[in-house]
Amino acid sequence: MTPALIRNIVRYFYFPFMFLGLNGAAYYVVVNGHSYAWIGLLLVIAIGTAFAAERVLPWYEEWNHSHGDEHTNVVHAIVYELQNLNGILTIPLMGWLFSGGLNAGIWPRDWPIWAQLLLAIVLADFALMYLHYLSHRFAFLWRLHAVHHGASRLYGFNGLVRHPLHQIIDMVLGTAPLAIAGMPVEVALLLGFAISVQLIIQHSNVAYALGPFRNHLSIGQIHHLHHVNWGKEGDCNFGLFLTLWDRLLGTFHPEPPRPITAADMGIDEVPQFPKGYVEQLVFPILYKPGQGQPKPLTAAAKARAIHDAAE
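Computed from a predicted structure; not experimentally measured.

A. Main features of the overall build of the chain. Counting secondary structure elements, the chain contains 12 helices and zero strands. Helices (α) and strands (β) of the chain occur, in sequence order from the N terminus, as α-α-α-α-α-α-α-α-α-α-α-α. Relative to its 311 residues, the chain shows a buried fraction of 50%. Across the chain, contacts joining residues at least 24 apart in sequence account for 74% of those joining residues at least 6 apart. Accessible area for the chain stands at about 14700 Å²; split by element, carbon and sulfur atoms hold 68% of it.

As structure tokens, this is what we get:
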């Protein structure tokens, strides 16, 4: 195959393969009772596909070069997925505690799994979008969420970069209500996988084509605008899957006010965002929004801050 043909394959088939193909494969695994270990393999395939496609058809070539963030982002991804798994494992307990038994509750368990999954995605997308919006409005949430926005480039792993405390808030307020309503573990597993894949797509450095869906899916350059370091101009396009909720909230902006460059990512007042995982864990303790770059901690103070955050 010629390089041009390979680029066109990536341009037009990257998103369908990632979103429809991998989620379809996960659905097949679950409904046919296969080992859930296959879901982990599919996640590895998603990450590998993103990395390969970024080399073939990048939005910005500069984002393919190391920014000294790879090792930290790998740790973030591992912690993110472990917390997802922990949340899924607690669903039976939550269902029993809040509904009086695993088969109680208001969740439509008699629907086909695919219909339950679509319902879960729509409801979770609204809840996570609104929490995302609030995380840009309230300082105590922004200090945690800023760990995600500190990235100076977007690529596959960036979608899984979250401060663990902020991820817990997302899970408790965004998806736990679905579990309390009686959502089955199988649906929760598929929802968690769909969210992980969507985050990888949303942040991957791939110039994929979306055609008529371009302004209806909260990915690609619509999400690039959300990550710009232009002060408050990035306070838009909060959705994960759909732009519908941003349209209703009045925060949808399909086009940037000026062209976005590879150097426009990050937080304007923290241009030297810490690269290490531990430094990013304690960053919310040091960071005071609106007061510029926080001063680094000494080793002793850093240890104390980690201890205090854990309590």
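Having seen the structure, we can now continue with the description.
B. Structural view of the packing of helix α1 (residues 3-31) against helix α2 (residues 37-56). Close contact between α1 and α2 brings their axes to 10 Å; oriented N to C, the two are set at 175°. Of the possible angle classes, the one that applies to α1 and α2 is roughly antiparallel. The segment α1 lies against α2, with I6, R7, V10, Y14, F17, M18, L22, A25, A26, V29 and V30 engaging W38, I39, L42, I45, A46, T49, A50, A53 and V56. Each residue belonging to the contact of α1 with α2 can be placed in one class, and the counts come to 18 nonpolar, one polar and one charged.

C. Up close: the nonpolar core. Of all hydrophobic cores here, the largest spans 50 residues; its most connected members are Y14, M18, I39, M183, L191, F193 and I195. Formed by 10 residues, the second largest nonpolar core is a distinct cluster that contains Y60, L225, V228 and M265.

D. A look at helix α6 (residues 139-149). Of all 11 residues making up α6, eight are buried, and the element is well covered by its neighbours. Within α6, burial applies to L141, W142, L144, H145, A146, V147, H148 and H149.

E. Layout of the packing of helix α5 (residues 113-135) against helix α8 (residues 185-203). At their nearest, the axes of α5 and α8 sit 9 Å apart, and the two run at 55° to each other. The orientation of α5 relative to α8 falls into the category oblique. Handedness of the α5/α8 crossing: right-handed. On α8, the residues touching I113, Q116, L117, A120, I121, A124 and L128 of α5 are V187, L190, L191, A194 and I195. Grouping the amino acids of the contact of α5 with α8 by side-chain chemistry returns 11 nonpolar, one polar and no charged.

F. View of the side chain of Q280. Along the chain, Q280 falls in helix α11 (residues 277-286). Q280 gets classed as buried once you look at its relative accessible area, which sits at 7%.

G. Summary view of the packing of aromatic side chains. One pass over the full model with this rule turns up 14 aromatic pairs. A centroid spacing of 5.5 Å and a plane angle of 5° characterise the contact between F15 and F19, whose relative ring orientation is stacked. Of this pair, F15 and F19 both sit in helix α1, four residues apart, which is roughly one turn of that helix. The class for F19 is partly exposed, based on a relative accessible area of 23%. An aromatic cluster is defined as three or more aromatic residues linked by ring pairs; in this entry it consists of F126, Y130, Y133, F238 and W245. Cation over ring: R153 sits above Y155, and NZ or CZ is 3.9 Å from the ring centre. Between the NZ or CZ atom of R258 and the centre of the ring of W230, over which it lies, the distance is 4.0 Å.

H. Here's a closer look at the environment of E186. Examined against the element boundaries, E186 turns out to sit in helix α8. What makes E186 partly exposed here is its relative accessible area of 32%. Contacts of E186, omitting those with residues within four sequence positions, involve V30 and Y36.

I. The arrangement of the environment of W114 in detail. Considering the arrangement of structural elements, one finds W114 in helix α5. Separated by 90 residues in sequence, W114 and G24 place their C-alpha atoms 9.7 Å apart.

Cut-offs used in this document
- Residues numbered from 1 in each chain as written.
- Predicted model: local features only at pLDDT ≥ 70, side-chain atom pairs only at ≥ 80, totals over all residues.
- Heavy atoms only, no water.
- Helix = DSSP H or I, 4+ residues; strand = E, 2+ residues; numbered from the N terminus.
- Buried < 20%, exposed > 50% of the residue type's maximum accessible area, 1.4 Å probe, protein only.
- Contact = heavy atoms within 4.5 Å.
- Areas by Shrake-Rupley, 256 points an atom, 1.4 Å probe, with all protein chains shown as cover.
- Axes fitted to C-alpha atoms, helices over the stretch in contact; angles between N-to-C directions.
- Parallel < 35°, antiparallel > 145°, perpendicular 65-115°, else oblique.
- Nonpolar A, V, L, I, M, F, W, Y, C, P; charged D, E, K, R; others polar.
- Core = buried A, V, L, I, M, F, W, Y, C linked by side-chain atoms within 4.5 Å.
- Left-handed = near helix turned anticlockwise from the far one by under 90°.
- Phe/Tyr/Trp six-rings, centres within 6.5 Å; stacked < 30°, edge-to-face > 60°.
- Lys NZ or Arg CZ within 6 Å of the ring centre and 35° of its normal.

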